[in-house]
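Residues per chain, in single letters:
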Amino acid sequence: MSLIVEKYGGTSVGSPERIQAVAKNIAESVAGGDRVVVVVSAMSGETNRLLGLADSVSAKPSARELDVLVSTGEQVTIALLSMALHSLGLGARSYTGGQVKILTDNVHSKARIIHIDSKKMMEDLDNNQVVVVAGFQGVDNENNITTLGRGGSDTTAVALAAALEADECRIYTDVDGVYTADPRVVPEARRLDRITFEEMLELSGAGAKVLQLRSVEFAGKYNVPLRVLSSFETGPGTLITYEESSMEQPLISGITANMDEAKITVRGVPDMPGIAYNIIGAVSEAHINVDMIVQNIGSDGLTDFTFTVAGVDLDKSVELLTPVVSNLKAQTVIGDTNLAKISVVGIGMRSHAGVATTMFQALAEKSINIQMISTSEIKISVTIDKEYAELAVRTLHKAFRLEHLTN
Ligand code: ADP
Ligand code: ASP
Ligand code: MG
């Protein structure tokens, strides 16, 4: 008898009918002899609706109260799904993150999971109950409600699978696997049967929202067998795997566009030791992740320092940097949201030169201007004007011949 964690995202539970369809899917797993723990997201659009409500009553909502608010979305779906399971004659019990309990740190809106108590879930499973857990949420050690960042239900599912030592964690969503690019942007994109953890980490980190980055980190760290599947149709989905299969490795496995980053430039900084430390240190201390960093060669003793952060962190970052700018006697700090980060990811890059050249040439031929470039062993990212993001992804998909099985 296998223990399976199944996660259903917002579109998959987006209506009463969808919740009933999900209940049927779970009933099939149970009928097949599996013990099932289910994680659900809020119904599609609900988290955004709640965030909109907060904005309409406050210009600067408190982070603690935002988490109390947005966590209600998932509380609705766990109850409805449990009721739908009861209607099919199955035993089911719903739990919020706090009830489980999923202990996190106290960084509201991007909390990290510290510990999960699996005792109650195990008791329920032993009593033939389906355990239905609210995704995206936990509690800190003072019982404040916390949330795990957008897309965080993926991480709840993988963390539960790790804590329960589940046989597989299945992420059911509105596409039937991980593709060579977002299939909504590139119709010719191809579903991958398998992808390595390393590549998936880079794709998620680069903005392929099919799996939240932290869920992939968790799966890699705790060796959780992870699969992405459609909740709308049956199929094998995509297995996230450790092995770099003995089959010939494709050069590139995927291309992503991240539209949610913002660029911050500190202008006219005196070019001296400690600049990077002072600027990046100020934002990192506030748990803000910094992504691409460029420091230009200075002229006349002054330089510009540019980096990117998540779009949601832009205002806070500029606020934090304002005193730093005056301390450093720099000229000004400017925020810009008109950019997209385009990334090309593939393990084959390790052994093949020329990927960057192909990428830059393809973009040049479409007259797409590159602003910033960064590379890792298996990824090349560039930022460009947001307007050209989809064109860039389609162009690169073609340039690397990703619509074909081997490229
Ligand atoms: P859920 O609500 O189920 O968590 P998400 O919207 O978070 O679903 O993630 C699924 C979406 O991710 C897909 O609808 C697709 O548009 C997008 N996506 C982006 N890049 C990829 C990719 N490489 N492969 C598959 N889907 C992708
Ligand atoms: N409901 C949350 C969100 O929209 C979490 C999730 O769906 O994974 O980001
Ligand atoms: Mg998601």
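Computed from a predicted structure; not experimentally measured.

Colleague: Explain the sheet that holds strand 16 (residues 302-310) here, please?
Modeller: Consider a sheet: its strands pair through backbone hydrogen bonds, and that pairing is either parallel or antiparallel. Taken together, four strands build an open sheet; the order of strands is 15-16-14-17 and the sheet is antiparallel. Every interior strand has two partners, whereas the edge strands, strand 15 (290-295) and strand 17 (332-336), have only one. With strand direction ignored, the average angle separating the axes of adjacent strands in the sheet is 15°. In this sheet, strand 16 lies alongside strand 15 in antiparallel orientation, the contact comprising four bridges. Each residue of the ladder has a partner; that of Ile293, found in strand 16, is Phe307. On the sheet, helix 9 (residues 275-284) packs against strand 14 (261-270), strand 15 and strand 16 and is oriented at approximately 25° with respect to strand 16. In the packing of helix 10 (residues 314-328) onto the sheet, contacts are made with strand 14, strand 16 and strand 17, and the angle to strand 14 comes to roughly 5°.

Colleague: Please clarify how the sheet that holds strand 20 (residues 379-384) should be interpreted in this entry.
Modeller: Strand order across the open sheet formed by four strands is 13-18-20-19, with antiparallel pairing between neighbours. On the outer flanks of this sheet lie strand 13 (254-258) and strand 19 (372-376), each paired with one strand and no other. Across this sheet, the average inter-strand angle for adjacent strands is 15°, counted without regard to direction. Two strands pair when backbone bridges link them, and strand 13 and strand 18 (residues 340-345) are joined in this way by five bridges, in the antiparallel orientation. Residue pairing across strands places Thr256 opposite Ser343, the latter belonging to strand 18. Its contacts with the sheet put helix 7 (residues 197-205) on strand 13, strand 18, strand 19 and strand 20, and the angle it makes with strand 18 is roughly 170°. In the packing of helix 12 (residues 389-399) onto the sheet, the strands contacted are strand 13, strand 18 and strand 20, and the crossing angle to strand 18 comes to about 15°.

Colleague: Which parts of the structure should I look at to understand the site of ligand 1?
Modeller: Around ligand 1 sit 16 residues, and of these Thr173, Asp174, Tyr179, Asp182 and Arg184 come closest. The separation between an oxygen atom of ligand 1 and a polar side-chain atom of Asp182 is 2.8 Å. Contact between ligand 1 and Arg184: an oxygen atom at 2.7 Å from a side-chain N or O atom of the residue. Residue classes in the shell around ligand 1 are distributed as seven nonpolar, four polar and five charged.

Colleague: Would you mind showing me how to read the environment of Asp105 here?
Modeller: Tracing the sequence through the fold places Asp105 in the loop between strand 4 (102-104) and strand 5 (113-116). With relative accessibility at 22%, the residue Asp105 sits in the partly exposed group. Considered as a pair, Asp105 and Val345 are 240 residues apart in the sequence and their alpha carbons are 31 Å apart. When sequence neighbours within four positions are dropped, the list of residues in contact with Asp105 reads Ala111, Arg112, Ile114, Asp140 and Thr146.

Colleague: Please explain the pattern of salt bridges as it appears in this structure.
Modeller: Pairs can form between side chains of opposite charge once their charged atoms are near each other. Taken as a whole and judged by the stated rule, the model has 20 salt bridges. Close ionic contact of Glu46 with Arg49 constitutes a salt bridge, the shortest N to O distance being 3.1 Å. Taken together, the residues Glu46 and Arg49, both in helix 2 (residues 46-57) and three residues apart, mark about one turn of the helix. The partner of Arg350 in a salt bridge is Glu198, and the shortest N-O contact between them spans 2.5 Å. Within this pair, whereas Arg350 is found in the loop between strand 18 and helix 11 (355-365), its partner Glu198 is found in helix 7, the two being separated by 152 residues in sequence. Assessed through its relative accessible area of 36%, Arg350 is described here as partly exposed. A residue is classified by how much of its surface remains accessible, and Glu198, at 33% relative accessible area, is partly exposed. Several salt bridges converge on common partners, so that one network encompasses Glu6, Glu168, Arg170 and Arg227.

Colleague: What is the right way to read the packing of helix 1 (residues 16-31) against helix 3 (residues 63-87) from this model?
Modeller: Helix-helix packing is characterised by the crossing angle of the two axes and by the distance between the axes. Running from N to C, helix 1 and helix 3 cross one another at 60°; their axes reach a closest spacing of 9 Å. Between helix 1 and helix 3, the crossing angle belongs to the class labelled oblique. Considering only the axes of helix 1 and helix 3, their crossing is right-handed. When helix 1 is examined against helix 3, the residues Ile19, Gln20, Val22, Ala23 and Ile26 are found in contact with a partner set consisting of Thr77, Leu80, Leu81, Ala84 and Leu85. Each residue belonging to the contact of helix 1 with helix 3 can be placed in one class, and the counts come to eight nonpolar, two polar and no charged.

What counts, and where the lines are drawn
Residues numbered from 1 in each chain as written. Chains lettered and ligands numbered in written order. Predicted model: local features only at pLDDT ≥ 70, side-chain atom pairs only at ≥ 80, totals over all residues. Heavy atoms only, no water. Pairing = 2+ DSSP bridges. Helix = DSSP H or I, 4+ residues; strand = E, 2+ residues; numbered from the N terminus. Axes fitted to C-alpha atoms, helices over the stretch in contact; angles between N-to-C directions. Contact = heavy atoms within 4.5 Å. Near = heavy atom within 4 Å. Polar contact = N/O pair within 3.5 Å; in protein donor to acceptor, adjacent residues only side chain to side chain. Nonpolar A, V, L, I, M, F, W, Y, C, P; charged D, E, K, R; others polar. Buried < 20%, exposed > 50% of the residue type's maximum accessible area, 1.4 Å probe, protein only. Salt bridge = Lys/Arg side-chain N within 4 Å of Asp/Glu carboxyl O. Parallel < 35°, antiparallel > 145°, perpendicular 65-115°, else oblique. Left-handed = near helix turned anticlockwise from the far one by under 90°.

By themselves, these observations are geometric and do not establish any function.
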